[in-house]
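If you want the building blocks of each chain, they are given just below.
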2 protein chains.
Amino acid sequence: MSVLTRPILEINLDHLLDNYRMLAELAKPAVPAAVVKDDAYGLGAEIVAERLYQQAGCRVFFVAHALEGARIAAKVPDAQIYVLQGIGEDSLPCFTETPQLLPVISCPEMLESWKNCAIGDRKAAIQIETGLNRLGFREDELSKLRAADKQLFGLVMSHLACGDEKDHFMNAHQIENFERLKKTYFPELRASLSASDGVFLGKNFHQDMVRLGAAMYGINTAPYRPSQMKNVVTVKAPVLQIARLPKGDFVGYSATYRASSERRIAIVSIGYGDGLPRALSNVGKVLFDCGGKLHEARIIGRVSMDNTICDVTDIPDLKVGDMAYLAADFYTLDDVARDAGTIAYELMSRLGKNTRFDRRYIG
Amino acid sequence: MSVLTRPILEINLDHLLDNYRMLAELAKPAVPAAVVKDDAYGLGAEIVAERLYQQAGCRVFFVAHALEGARIAAKVPDAQIYVLQGIGEDSLPCFTETPQLLPVISCPEMLESWKNCAIGDRKAAIQIETGLNRLGFREDELSKLRAADKQLFGLVMSHLACGDEKDHFMNAHQIENFERLKKTYFPELRASLSASDGVFLGKNFHQDMVRLGAAMYGINTAPYRPSQMKNVVTVKAPVLQIARLPKGDFVGYSATYRASSERRIAIVSIGYGDGLPRALSNVGKVLFDCGGKLHEARIIGRVSMDNTICDVTDIPDLKVGDMAYLAADFYTLDDVARDAGTIAYELMSRLGKNTRFDRRYIG
């Protein structure tokens, strides 16, 4: 028996580390921090953080939730771990038990909570609003901070809204706001404005610290030119069955595809239950590597929970057990996301959560 | 400190069991089987299977992958567990170690594998193609089965393509195919054609066994009339910050929303990293329960990985720490899915995978 049934998720840690090093070099002398929130975009926060710590010397990490920070803390023993969603009643125990966790404080209410809890001797970060209109102190709130409040912080940060569009007016607007607010309220504080996308925007966006996430995971955060990142994620799945599709027959739920001529179809063992977007129904594609030559096969009908059907009429040599590529170096998650009408960030976060994958780390 | 930071996923097991019982009653005297693949659509296969086994007497389960069957086997000691993706090299150890697992055989190649492995004394199921054109023996393949091959099976099954559309021509087409093929090739075998949607189509669709999945989890699989199912999933998340949005300001990534007048916004601690579809950007909504009165707030700007921003101008009493409902009895996953351009099956499968939720079982 040589046929497989489960889909495979390959995560290339060598490429991830190469991407980190490339971005860190580009941002020098800014301190590189690694964003490993959302389980390292689904790729496994513990192993990713450990490698970055041990093999690339990373000593600052960002997570969204305290819980995520607690999960990686033992792997990065003397690193700082900033918690972007800050501190609340539900995360207080995590902060208490894990001295490395530092909350990012985003509004006056959260600052009061932080001041009132007994672990307030750590230096928190303060998030300030510069144009994204998401979490962050607005200027009227900054103006009310007392000198003693400002002493609580070790980092001032903000976040770009349009860093992936090189000439977007928001970039100039946000850096102007950031530098003005920093100078006015936190002239001596270490500053961080940019995530991966900002690294490519030039020196003035680097400030004292850059937060490396998406591009480190292989996503092109500068889509105005070809990607400079190495691909990290490969998704493949076995062909479970090949069948003749008679002319006039329908395929899949709601009969959304009808064969206008006789076709040959392959049923591939991956579906939206594995994180493949259902939005790829009738528009996406899978690829087959037949002796080094790539063949595209169009997805036909609806992607279902466990299976995806594609048209392999033009790939006569294909047989049951062959592997279909859903994402790879030659068809990256950026490409898949474009076909599915979303962004690679969302796709990666979905795929990585699924326990049905045979998950393989390379490197 | 009374403010929370993490989103909450509530799963009402009482409602799930009520749905199962209602569907089982409707399908009598057909045997009810429970579909707990994809980790019970993300809701937790172990706990769901255990409850169905212990409290509702369920003795037949369906999973997609052998691995999923192995995970629940100990909770349902003398139940049959059918494995829809069948058997392969990667699942052979699971089958060997877990005597309850029965493969669903869908093509001649897989039948050969099954015959060649040493555990062939269990009665498998055979999947036959009746119109969906997904996994299943085509008629030319059935006609080549030998009498000895047919002895290997204990169940003949197929699957409806359009069972959620009461008057779709495919339903009549598929039941005609199913009954003809069954009579010709497996006249004595126990038969199963329908999942939840088929239960509502009438007696002839019930056959000997129905496979209860989506409707059991609260999804309306008969959307041509109001749902008869009890809601199982509630998703809520805390408001981390409330802020003034000046006229002319932009919100979120790529600045896709601009305020045409001054607004008041709430930043809610949930994003696509938690499984909330990014497709809800600028079109979805969240609800707030203010003293028993529901208020809708439109999602503005892009849903990001950890946060979602909504317009709460018309909810003046709202404060930091209040909970936003992303899905609930009054705004079900069917409703959310419609707003996001997908189906509740995909949404549920995504949400349930995320470990950042404070996951709470009711019942």
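Residues numbered from 1 in each chain as written. Chains lettered and ligands numbered in written order. Predicted model: local features only at pLDDT ≥ 70, side-chain atom pairs only at ≥ 80, totals over all residues. Heavy atoms only, no water.

(A) Just the packing of aromatic side chains, in detail. In this structure the tally under the stated criterion is 14 aromatic pairs over all chains. A ring pair is formed by B:Tyr325 and B:Phe330, whose centres lie 5.3 Å apart and whose planes are at 70 degrees; its orientation type is edge-to-face. Given the relative accessible area of 38%, B:Phe330 is considered partly exposed. Through a chain of ring-to-ring contacts, the aromatic side chains of A:Tyr41, A:Tyr217 and A:Tyr345 assemble into a single cluster. In this structure, A:Arg211 is placed above the aromatic ring of A:Phe62, and the distance from its NZ or CZ to the ring centre is 5.9 Å. (Phe/Tyr/Trp six-rings, centres within 6.5 Å; stacked < 30°, edge-to-face > 60°. Buried < 20%, exposed > 50% of the residue type's maximum accessible area, 1.4 Å probe, protein only. Lys NZ or Arg CZ within 6 Å of the ring centre and 35° of its normal.)

(B) The arrangement of empty space enclosed by the protein in detail. Under the definition given, this model contains 6 cavities of 30 Å³ or more. Here the largest cavity defines a volume of roughly 80 Å³. What lines the largest cavity is a set of 14 residues, and nearest its centre among them are A:Arg350, A:Lys353, A:Asn354, B:Arg350 and B:Lys353. Put simply, the parts of the chain that give the lining of the largest cavity at least two residues each are helix H12 (344-351) of chain A together with helix H12 (344-351) of chain B. In terms of residue class, the lining of the largest cavity is made up of 2 nonpolar, 8 polar and 4 charged. (1 Å grid on protein atoms, 1.4 Å probe; cavity = no way out; pocket = protein on both sides within 12 Å on 5 of 7 lines; lining within 4 Å. Points joined across faces, edges and corners; volume = space filled by probe spheres on them. Helix = DSSP H or I, 4+ residues; strand = E, 2+ residues; numbered from the N terminus. Nonpolar A, V, L, I, M, F, W, Y, C, P; charged D, E, K, R; others polar.)

(C) Spatial organisation of the environment of A:Phe200. Residues and elements named next belong to chain A. Structurally, the position occupied by Phe200 is in the loop between helix H10 (196-199) and strand E9 (209-212). Taking relative accessible area as the criterion, Phe200 reaches 12% and is therefore assigned buried. Each residue touching Phe200, except ones within four places of it in the same chain, is listed here: Leu23, Leu26, Lys166, Ala215, Thr221, Ala222, Tyr224, Arg225, Gln228 and Met229. (Contact = heavy atoms within 4.5 Å.)

(D) Inspection of the side chain of A:His168 at higher detail. Here A:His168 lies in the loop between strand E7 (153-157) and helix H9 (169-185). What makes A:His168 buried here is its relative accessible area of 16%. Beyond its immediate stretch of four places on either side in the chain, A:His168 contacts A:Cys162 and B:Ala255.

By themselves these figures say nothing about function.
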